[in-house]
Amino acid sequence: MDELKIVRSSEKYAVSYCETFDEVAKEGKFLSISGGYPIEDMIRFIKGCQRCGYPQFLLIDPNGRAVGWCDIVRRCEAPDDVGFLGVGIAKRYRGMGWGSRLMTAAINDAKKRGFNEIRLEVRASNYNAIRTYTRLGFVKIAYTTDGVVTDGIAEDIWVMSLFCREIKRGGFEREKFFGRFPKTGFKFKKPNN
Ligand SMILES: CC(C)(COP(=O)(O)OP(=O)(O)OC[C@H]1O[C@@H](n2cnc3c(N)ncnc32)[C@H](O)[C@@H]1OP(=O)(O)O)[C@@H](O)C(=O)NCCC(=O)NCCS
């Protein structure tokens, strides 16, 4: 267990991050898509997170490969102080506490960067993940029937939030929660040049 380390993401891990993401997505039970992204998209995503200061941490194996990820990003449809968490660990490293450590690193970083709420969507059948999130302090805030459709199969999702400090939100976001699984439009700042 000690041979793994948690580091901030960087482009040098883009290939293995891509491969691990693809591996987890292809399990077909956990993520909202059933395959990975092209390498160019992954590099753009890593650079975007760096430019905007979004927490992005990777779990690195002894061969220097990313075998897990956790990122917290802004999304177009939500207020700026809400960060959306994504996480995944290669199958062989699950259930050993790495996911919790990776998420704790990203959540602590997000708090320092002024995020007030960390939100995520999780398939209702993903009991391991829901238990882990609950242990970290996330609470269920909404339920969406058929909230995610992967390869033609619909599944319900829970929306869960970790409130970093007490905040009051109006009801204006409510219909977003109970709509379809949101399209993930990340908010990245435009480069200056
Ligand atoms: C969800 C996930 C990130 C959690 O990471 P992890 O390293 O497995 O989490 P931890 O070891 O910190 O805790 C997992 C819990 O499940 C238990 N567990 C036991 N065997 C397990 C296994 N083979 N796989 C997953 N969890 C297992 C752990 O003991 C722990 O239970 P506890 O909360 O009662 O202590 C990881 O399981 C994963 O990548 N799953 C597939 C992708 C996924 O679901 N992503 C999230 C989509 S919303």
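Just so it is clear, the model here is predicted, and its values are computed rather than measured. (Residues numbered from 1 in each chain as written. Predicted model: local features only at pLDDT ≥ 70, side-chain atom pairs only at ≥ 80, totals over all residues.)

1. Comments concerning the environment of Y143
Then, in step 1: As for its placement among the helices and strands, Y143 is situated in strand β6 (residues 139–150).
Then, in step 2: When the C-alpha atoms of Y143 and E121 are compared, they prove to be 9.3 Å apart, with 22 residues separating the residues in sequence.
Then, in step 3: Contacts of Y143, omitting those with residues within four sequence positions, involve D156 and W158. (Helix = DSSP H or I, 4+ residues; strand = E, 2+ residues; numbered from the N terminus. Contact = placed C-beta atoms within 7 Å.)

2. Looking at the confidence of the model for the protein
Then, in step 1: This prediction gives the protein a mean pLDDT of 88; 85% of its residues lie at or above 70.
Then, in step 2: Contacts from residues 174–181, a stretch scored under 50 in pLDDT, to residues over four places away or in other chains number 13 contacts. (pLDDT = per-residue confidence, 0-100.)

3. Some points on the pairing of strand β5 (residues 117–123)
Then, in step 1: Of all seven residues in β5, six are buried, a share of seventy percent or more.
Then, in step 2: When strand β4 (residues 82–89) meets β5, the two strands line up parallel, connected through three bridges. Paired with V82 across the bridge in β5 is E117.
Then, in step 3: Each parallel crossover has a hand, and for β4 linked through helix α3 (residues 98–112) to β5 it is right-handed.
Then, in step 4: Alignment of β5 against strand β7 (residues 153–163), held across seven bridges, turns out to be antiparallel. (Buried ≥ 20, exposed ≤ 12 C-beta atoms within 10 Å, placed from the backbone. Pairing = 2+ DSSP bridges. Right-handed = clockwise from strand over helix to strand, strands pointing away.)

4. Brief notes about the nonpolar core
Across soluble globular proteins, nonpolar side chains have a tendency to be buried as a group.
Then, in step 1: Counting 42 residues, the largest nonpolar core has Y17, C70, I72, L85 and A106 as its most contacted members.
Then, in step 2: Here this core takes six residues from strand β3 (residues 66–73), the largest share from any one element.
Then, in step 3: Residues in contact with L85, not counting those within four places in the same chain, are C70, I72, M103, A106, I118 and L120. (Core = buried A, V, L, I, M, F, W, Y, C linked by C-beta atoms within 7 Å.)

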